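So you can see what is in the structure, the chains are spelled out below.
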Amino acid sequence: MMIKYLNQQNVKALLKQDPSVKTISAEAMQWIDDTLEQLVKTLAATGRKSPGGRLMGPRSPEAKAAALGAQYMAPRAEPSVEEVARSEETWSEYNDWQAAVRAGSTRLPFKEWEEQRK
């Protein structure tokens, strides 16, 4: 559902997209109003503005998070087993076994897995 303008009717329609939502209380709508008011004030105070004074949206993810009152956390990719192996000086057979268990290539206990590899 694409909503161009926010009003109570459109907000309620967005909330009812969740199949578990049957009705919306006045308390929920008040919370949305209060949150939106704070968001608007923060954006007006910290948002970027054109030379003519037009308020623009935040450009970076960090600025968007700041406008929402949160700290931006950059997405972090999990390192591969090979990267961990290269970066760890103490990589051992036990670590190889753990990686094999996580990958689903073995369910053997460590001792049996170690004997099978020999």
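Our subject is the structure listed above.
Residues numbered from 1 in each chain as written. Predicted model: local features only at pLDDT ≥ 70, side-chain atom pairs only at ≥ 80, totals over all residues. Heavy atoms only, no water.

Let's shift gears to the overall build of the chain. A tally of regular secondary structure across the chain gives 6 helices and 0 strands. Relative to its full complement of 118 residues, the chain shows a buried share of 13%. Of the contacts made within the chain by residues no fewer than 6 positions apart, 11% connect residues no fewer than 24 positions apart. (Helix = DSSP H or I, 4+ residues; strand = E, 2+ residues; numbered from the N terminus. Buried < 20%, exposed > 50% of the residue type's maximum accessible area, 1.4 Å probe, protein only. Contact = heavy atoms within 4.5 Å.)

Enumeration over the complete set of coordinates arrives at 3 salt bridges. Between Arg117 and Glu93 there is a salt bridge whose closest N-O contact spans 3.6 Å. With a gap of 24 residues between them, Arg117 in helix H6 (residues 110-117) and Glu93 in helix H5 (residues 93-103) connect regions that are remote in the sequence. The structure contains a network of salt bridges with shared partners spanning Glu93, Asp96 and Arg117. (Salt bridge = Lys/Arg side-chain N within 4 Å of Asp/Glu carboxyl O.)

For the rest of this paragraph, the subject is the packing of aromatic side chains. Applying the stated criterion to the full structure yields 4 aromatic pairs. Here Tyr94 and Phe110 contribute two aromatic rings whose centre-to-centre distance is 5.2 Å and whose plane-to-plane angle is 70 degrees, an arrangement assigned as edge-to-face. Linking Tyr94 in helix H5 with Phe110 in helix H6, this pair joins segments that are 16 residues apart in sequence. You can call Tyr94 partly exposed: its relative accessible area is 39%. For the pair Trp97 and Phe110, a centre-to-centre distance of 5.7 Å together with 70 degrees between the ring planes defines the contact as edge-to-face. (Phe/Tyr/Trp six-rings, centres within 6.5 Å; stacked < 30°, edge-to-face > 60°.)

For the rest of this paragraph, the subject is H5. For H5, the complete set of buried residues consists of Asn95, Trp97, Ala99 and Ala100. With its phi angle positive at about 85 degrees, Gly104 sits one or two positions after the end of H5.

Time to look at the packing of H5 against H6. At their nearest, the axes of H5 and H6 sit 10 Å apart, and the two run at 105 degrees to each other. In this view, H5 runs roughly perpendicular relative to H6, as classed from their interaxial angle. On H6, the residues that touch Glu93, Tyr94, Asp96, Trp97 and Ala100 of H5 are Phe110, Trp113, Glu114 and Arg117. Taken together, the residues of the contact of H5 with H6 break down into 5 nonpolar, no polar and 4 charged. (Axes fitted to C-alpha atoms, helices over the stretch in contact; angles between N-to-C directions. Parallel < 35°, antiparallel > 145°, perpendicular 65-115°, else oblique. Nonpolar A, V, L, I, M, F, W, Y, C, P; charged D, E, K, R; others polar.)

Attention now goes to the packing of helix H1 (residues 8-15) against helix H2 (residues 26-46). Taken N-terminus to C-terminus, the directions of H1 and H2 make an angle of 110 degrees; their axes are 12 Å apart at the nearest point. Comparing their axes, H2 and H1 come out roughly perpendicular. As H1 packs across H2, the resulting crossing turns out to be right-handed. Mapping the contact onto sequence places Gln8, Val11, Lys12 and Leu15 in H1 and Met29, Ile32 and Asp33 in H2. For the contact of H1 with H2, a count of residues per class yields 4 nonpolar, 1 polar and 2 charged. (Left-handed = near helix turned anticlockwise from the far one by under 90°.)

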